[in-house]
Amino acid sequence: MAKRTYGHEYGFATRAVHTGNDVDGESGALRRPITMANSYELPYDPTSVSWSTPGGNLYTRNGGTNQGYLQEKIASLENGEDCVVLASGVAALSGLFFALLQQGDHVVFSSVTYIACYRLLNELFNGKFGVETTIVDTTDPENVRKAMRPNTKLVHIETPGNPTLMVSDIAEIAKIAHEGGALLSVDNTFASPYCQRPIDLGADFVIESLTKYINGHGDSMGGAIIGRKEHLDVIRAQSQINLGGAISPFNAWLIMRGASTLPLRMRQHNESALKIARYLEANEKISFVAYPGLESDPGHAVACKQMEHGFGGVMAFGLKGSHDDHCKFVSKLKVITNAVSLGHDESLIVFLGENDERQYLYPEKFHNGFFRFSVGLEDAEDLIADIQQALDQI
Ligand SMILES: *Cc1c(COP(=O)(O)O)cnc(C)c1O
């Protein structure tokens, strides 16, 4: 069976459906099978095989079929040359940092990032391995310029950032990083490649937690690093094989299935989130709403420039009320679920209290505690009614 390829002459939705899938050569099935094997048959003389080489059908930590299919799809959706998929978004972050950074290198990173990214760069890589790190508010690219040093190897930003939704200008920061001889990586998890494609804006690497929008159904974990082949070859050899965060074939298959509806789902997430953000903004019990789709949001202008197809489904907001009012509000919700994670089919909300250790890095309006709210695919009217009835009880 000849392999069908879907290059960039095809649109995003066509590639989301077809890229990486093909007719199964053995059975003629329209879906490639899940290969639940951790090992493959060796050649007649295996002594010349390198156990530390990526790819080839050798051992699933070196690479496997389902992982390869998913890599093909994700690379295509992000407009990247190559992709490595791993067991989680955090495996992707640590795999990138591990392969790229050496003792004495310097990293500049966003003051608002996923908590594990903050721990990796602010505590582990610097504390254990002597990598210098500087936290800056990357919503102003000038702060990045000021933080650059001769040994700056990497600038890492997250936009929109988790959990405050702060927006950083990818194209501007790419210019600054490259002028200083550094590489730029962008965590694109909140936007997904449907809304924003950092490589087109000059980024060298994209990180995705596949666990979120790309899988979209809350039933598996995965992570991806997208970038140029010259870099990803090193990441594959050093981080995938030797750190060992390989994705399971079953999870790769689930994410592959979820990803085919990414454009449809994102359109709905974007539309419902904007509607709900507007409703919240107009409600007198709400202290603030952070959502880059709102004209009032400080990140709106930059978001309009770089988020081509919508602003995603995640927002943050607070109540004019006490700590307990926030807990009570969540306890009264009937449709929206009290849980972490985001980008699922169902709506998820989490209360992030006023005792967050990174509060000093957030704007003041976040200091009394706030919610991170991931708008799901339910009817927007039902979600608004759910929020309204919970607000009525506090
Ligand atoms: C969830 C998340 C991660 C980590 O992904 P996991 O799949 O949970 O390991 C990284 N970055 C962002 C922005 C996230 O939201």
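These figures come from a predicted structure and were not determined experimentally.

Conventions we followed
- Residues numbered from 1 in each chain as written.
- Predicted model: local features only at pLDDT ≥ 70, side-chain atom pairs only at ≥ 80, totals over all residues.
- Heavy atoms only, no water.
- Pairing = 2+ DSSP bridges.
- Helix = DSSP H or I, 4+ residues; strand = E, 2+ residues; numbered from the N terminus.
- Axes fitted to C-alpha atoms, helices over the stretch in contact; angles between N-to-C directions.
- Contact = heavy atoms within 4.5 Å.
- 1 Å grid on protein atoms, 1.4 Å probe; cavity = no way out; pocket = protein on both sides within 12 Å on 5 of 7 lines; lining within 4 Å.
- Points joined across faces, edges and corners; volume = space filled by probe spheres on them.
- Near = heavy atom within 4 Å.
- Polar contact = N/O pair within 3.5 Å; in protein donor to acceptor, adjacent residues only side chain to side chain.
- Areas by Shrake-Rupley, 256 points an atom, 1.4 Å probe, with all protein chains shown as cover.
- Sits in = over half its atoms within 2 Å of the grid points.
- Buried < 20%, exposed > 50% of the residue type's maximum accessible area, 1.4 Å probe, protein only.

**Some details on the sheet that holds strand S7 (residues 223-227)**
Here comes step 1: Pairing is mixed across the open sheet formed by seven strands, whose spatial order is S1-S7-S6-S5-S4-S2-S3. At either end of the open sheet lies a strand with only one pairing partner, and these are strand S1 (82-86) and strand S3 (132-136). Pairs of neighbouring strands in the sheet enclose a mean axial angle of 20°, with direction left out of account.
Here comes step 2: One ladder, built from five bridges, connects strand S6 (residues 205-209) with S7; its direction is antiparallel. What sits directly across from Val206, in S7, is Ile226.
Here comes step 3: Along the sheet, helix H4 (residues 115-129) contacts strand S2 (106-110), S3 and strand S4 (152-158); its crossing angle with S3, the most-contacted strand, is approximately 145°.
Here comes step 4: Of the strands in this sheet, S1, strand S5 (183-187), S6 and S7 touch helix H8 (residues 229-243), which is tilted by about 20° from S1.

**Describing empty space enclosed by the protein**
Here comes step 1: For the coordinates displayed, the defined rule picks out three cavities of 30 Å³ or more.
Here comes step 2: Counted as a void, the largest cavity has a volume near 160 Å³.
Here comes step 3: In this structure, the largest cavity is lined by 13 residues; those nearest its centre are Asn21, Arg31, Trp253, Met256 and Arg257.
Here comes step 4: At the level of secondary structure, the elements contributing two or more residues to the lining of the largest cavity comprise helix H2 (65-77) and helix H9 (249-259).
Here comes step 5: At four residues, the largest contribution of residues to the lining of the largest cavity is made by H9.

**Brief notes about the site of the ligand**
Here comes step 1: Neighbouring residues of the ligand: 15 residues in total, closest Gly89, Asp187, Ser209, Thr211 and Lys212.
Here comes step 2: Between the ligand and the protein, one listed contact pairs an oxygen atom with a backbone N or O atom of Val90 at 2.9 Å.
Here comes step 3: Starting from 380 Å² of accessible surface for the ligand in isolation, the protein chains cover 96%.
Here comes step 4: If you map the ligand onto the pockets, it falls in the largest pocket.

**Notes on the pairing of strand S12 (residues 370-374)**
Here comes step 1: Along S12, five of the five residues are buried, which leaves the element largely enclosed by surrounding structure.
Here comes step 2: Residue alternation in S12 divides its side chains into two sets, Phe370, Arg372 and Ser374 and Phe371 and Phe373, and both sets are buried.
Here comes step 3: Bridge count between strand S9 (residues 314-319) and S12: four bridges; the pairing is antiparallel. Within S12, the position partnered with Phe317 by the bridge is Phe371.
Here comes step 4: For strand S11 (residues 348-352) and S12, the ladder comprises five bridges, and the chain directions are antiparallel. What sits directly across from Leu348, in S12, is Ser374.

**Some details on the side chain of Ser168**
Here comes step 1: As for its placement among the helices and strands, Ser168 is situated in the loop between S4 and helix H6 (170-179).
Here comes step 2: At 2.7 Å, the side chain of Ser168 and the side chain of Thr138 are in polar contact.
Here comes step 3: The contact partners of Ser168, leaving out residues within four places of it in the chain, are Ser110, Thr138, Thr139, Ile157, Glu158, Thr159, Ile173, Val302 and Gln306.

Geometric values such as these leave the question of function open.
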